[in-house]
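Here are the chains, one letter per residue:
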Amino acid sequence: MDNLEFLSRQKCLLQQMLPNSVCVVSAASLVTRSRDTEFPFRQDSYFQYLCGFPEPDAWLVLSNHQEYSNNMSVLFCLDKDPTMEIWHGRRCGPKQAKHTYPINMAFAVDELDERLLDLVDGHQNLYFAQGHNPEADELIFAILQALRDAPKQSKQAPSSLIDSRIILDEMRLIKSPYEVEMMRTAATIATQAHVRAMQFAAADKNEYHLEAEIHHEFAMQGAKYPAYSTIVGAGDNACILHYTENNQQLKNGDLVLIDAGCEWQGYAADITRTFPVSGQFSTSQKQLYELVLKAQLAAFEQIKPNNTLKQASDVVIAVITQGLIELNILKGELAENIQHQTYREFYMHGLSHWLGLDVHDVGNYKVDQLDRPLKPGMVLTVEPGIYIAPDAEVDKQWRGLGIRIEDNLLITTNGYENLTSAAPKTINDIEALMQKKSD
Ligand code: GLY
Ligand code: MN
Ligand code: MN
């Protein structure tokens, strides 16, 4: 990736920090999976956002002190080590990092404690994501204490500690053209994976076979990792919102809900599609599916600059509640049902979340306690669903049905662009695609 993108993000952060401030950002560390094996490494999103250095246990220090012409960046990273590299993989090392990554200086992380003390010394404010990484908390507090304890050596500790996320989250909420391109690619690959899973589904398959098809498509298109644990829920497993066991046999007559998205250059896609194992929706499945789709399309109409997610969410609640009354799943009047939130038995999650480097991306949903108006460059999901528990006190035709439809929308100057529209979602399109596979 072009370092200019990272440099412009660093500059944007430095310009928004108070004068004479330093910001410290820590990379992620490896996480143990069992005994001496680790989960695949995933870089910390803030660290990734600011410099793109891909290794664990690194640190980035940014300063806007006049002494450094208001813009200085230092990376600390694991040093070259032939033995460690034979066992655990290549390291860039500080010498090479200085040439490859958007930083002014680089040192071995072994020098961090000593050098960080000098780097922080003399700044008025320290920007830092307190509580984000316990190891970083410990180090920062130790440095602050050491500076406070050494006034006789003319050391000066920053007088205020400011949460760096206040600036960074706002920056990350509005995607740059480069980020939109990354998210477009993630979305495109993920739509193709959903198509592949729909084409592969059949009654003799297991949920994990569909998971494997999805991940295969991701990898074959260059997206090595899913952005979150893939959900493949057949039958009433679809009613478990974060179901990830994915180990049950598919049955004709059942729906299967897949919530899956890949990560591309760190950016997430987050798509849900629900389709019949047999390729043909039953009448009850069709009725409920059409209702979720109607709710989603009604939400789309609200997605434009200056509207709020609350407006879209309210519309979805009204459409779903009215539809559930018409299907005799809820009883009584619309207004009364909405007031008592009776729909929450069947639609119990939110409509939307921001999407970006994190699947539930950063950014406040309220500003000054008011719902935040949408702005061009935001990317969000729209994901209504209806889930009827197997033991719900409703007509048995509905029991055990779980349906969610989730797309990823980019806010544009006059509305939105659906980045994931290529994954079929009308009943006709799904049935036609699934029919094709058996022809
Ligand atoms: N896949 C997580 C979500 O839809 O929020
Ligand atoms: Mn989502
Ligand atoms: Mn999802």
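Residues numbered from 1 in each chain as written. Chains lettered and ligands numbered in written order. Predicted model: local features only at pLDDT ≥ 70, side-chain atom pairs only at ≥ 80, totals over all residues. Heavy atoms only, no water.

(A) The overall build of the chain, seen in detail. Summing up its helical and strand segments, the chain has 13 helices and 20 strands in all. For the chain, the proportion of its 439 residues judged to be buried stands at 54%. Put simply, of all contacts in the chain between residues at least 6 apart along the chain, 70% involve residues at least 24 apart. Summed over all atoms, the accessible surface of the chain reaches about 20,500 Å², with 50% contributed by carbon and sulfur. (Helix = DSSP H or I, 4+ residues; strand = E, 2+ residues; numbered from the N terminus. Buried < 20%, exposed > 50% of the residue type's maximum accessible area, 1.4 Å probe, protein only. Contact = heavy atoms within 4.5 Å. Areas by Shrake-Rupley, 256 points an atom, 1.4 Å probe, with all protein chains shown as cover.)

(B) The packing of helix H10 (residues 283-300) against helix H11 (residues 309-326), seen in detail. Look at H10 against H11: their axes get within 8 Å of each other, and the N-to-C directions meet at 155°. As the angle between them shows, H10 and H11 are arranged roughly antiparallel. Seen from above, H10 lies across H11 with right-handed handedness. The residues of H11 that touch H10, namely those facing Leu288, Leu291, Lys294, Ala295, Ala298 and Ala299, are Ala312, Val315, Val316, Val319, Ile320, Gly323 and Leu324. The residue inventory of the contact of H10 with H11, partitioned by class, reads eleven nonpolar, one polar and one charged. (Axes fitted to C-alpha atoms, helices over the stretch in contact; angles between N-to-C directions. Parallel < 35°, antiparallel > 145°, perpendicular 65-115°, else oblique. Left-handed = near helix turned anticlockwise from the far one by under 90°. Nonpolar A, V, L, I, M, F, W, Y, C, P; charged D, E, K, R; others polar.)

(C) The coordination of the manganese ion (ligand 3), seen in detail. Taken together, the protein ligands of the manganese ion (ligand 3) are Asp259 (OD), Asp259 (OD), Asp270 (OD) and Glu406 (OE), with distances of 2.0 to 2.3 Å. Taken together, the six donor atoms surrounding the manganese ion (ligand 3) define angles of 57 to 169° at the centre, an arrangement classified as irregular. All donor residues of the manganese ion (ligand 3) come from one chain, and their arrangement in sequence is D-x10-D-x135-E. A distance of 3.3 Å spans the gap from the manganese ion (ligand 3) to the manganese ion (ligand 2), which Asp270 bridges by coordinating each metal. Separated by 136 residues along the polypeptide, Asp270 in the loop between strand E12 (267-268) and strand E13 (271-276) and Glu406 in the loop between strand E18 (402-404) and strand E19 (407-411) bring together distant segments of the chain. (Donors = N, O, S within 2.8 Å, 3.2 Å for Na, K, Ca; no water. Tetrahedral: all angles 85-135°; square planar, octahedral: opposite > 155°, others 65-115°.)

(D) Representation of the coordination of the manganese ion (ligand 2). Binding of the manganese ion (ligand 2) to the protein goes through Asp270 (OD), His353 (NE2), Glu383 (OE) and Glu406 (OE), at separations of 2.0 to 2.2 Å. Classification of the site at the manganese ion (ligand 2) as irregular follows from its six donor atoms and the range of 51 to 153° in their angles at the metal. For the manganese ion (ligand 2), the single-chain donor residues occur in sequence as D-x82-H-x29-E-x22-E. Residue classification places Glu406 among the buried residues on the basis of a relative accessible area of 0%.

(E) Inspection of the site of ligand 1 at higher detail. Lining the immediate environment of ligand 1, one finds Tyr228, Asp259, Asp270, His353, His360, Glu383 and Glu406. Within the side chain of Glu383, a nitrogen or oxygen atom sits 3.1 Å from an oxygen atom of ligand 1. Measuring from an oxygen atom of ligand 1, one finds a side-chain N or O atom of Glu406 at 3.2 Å. Look at ligand 1: alone it shows 200 Å² of surface, and the protein chains cover 88% of it. Taken together, the residues of the shell around ligand 1 break down into one nonpolar, two polar and four charged. (Near = heavy atom within 4 Å. Polar contact = N/O pair within 3.5 Å; in protein donor to acceptor, adjacent residues only side chain to side chain.)

(F) Region of the structure containing the pairing of strand E7 (residues 125-128). Covered by surrounding structure in E7 are Asn125 and Tyr127 together with Leu126 and Phe128, the residues of both alternating faces. As paired elements, strand E1 (residues 21-26) and E7 share four bridges and run parallel to each other. Within E7, the residue paired with Ser21 across the bridge is Asn125. Sheet topology places E7 next to strand E8 (residues 160-163); four bridges connect them, and they run parallel. (Pairing = 2+ DSSP bridges.)

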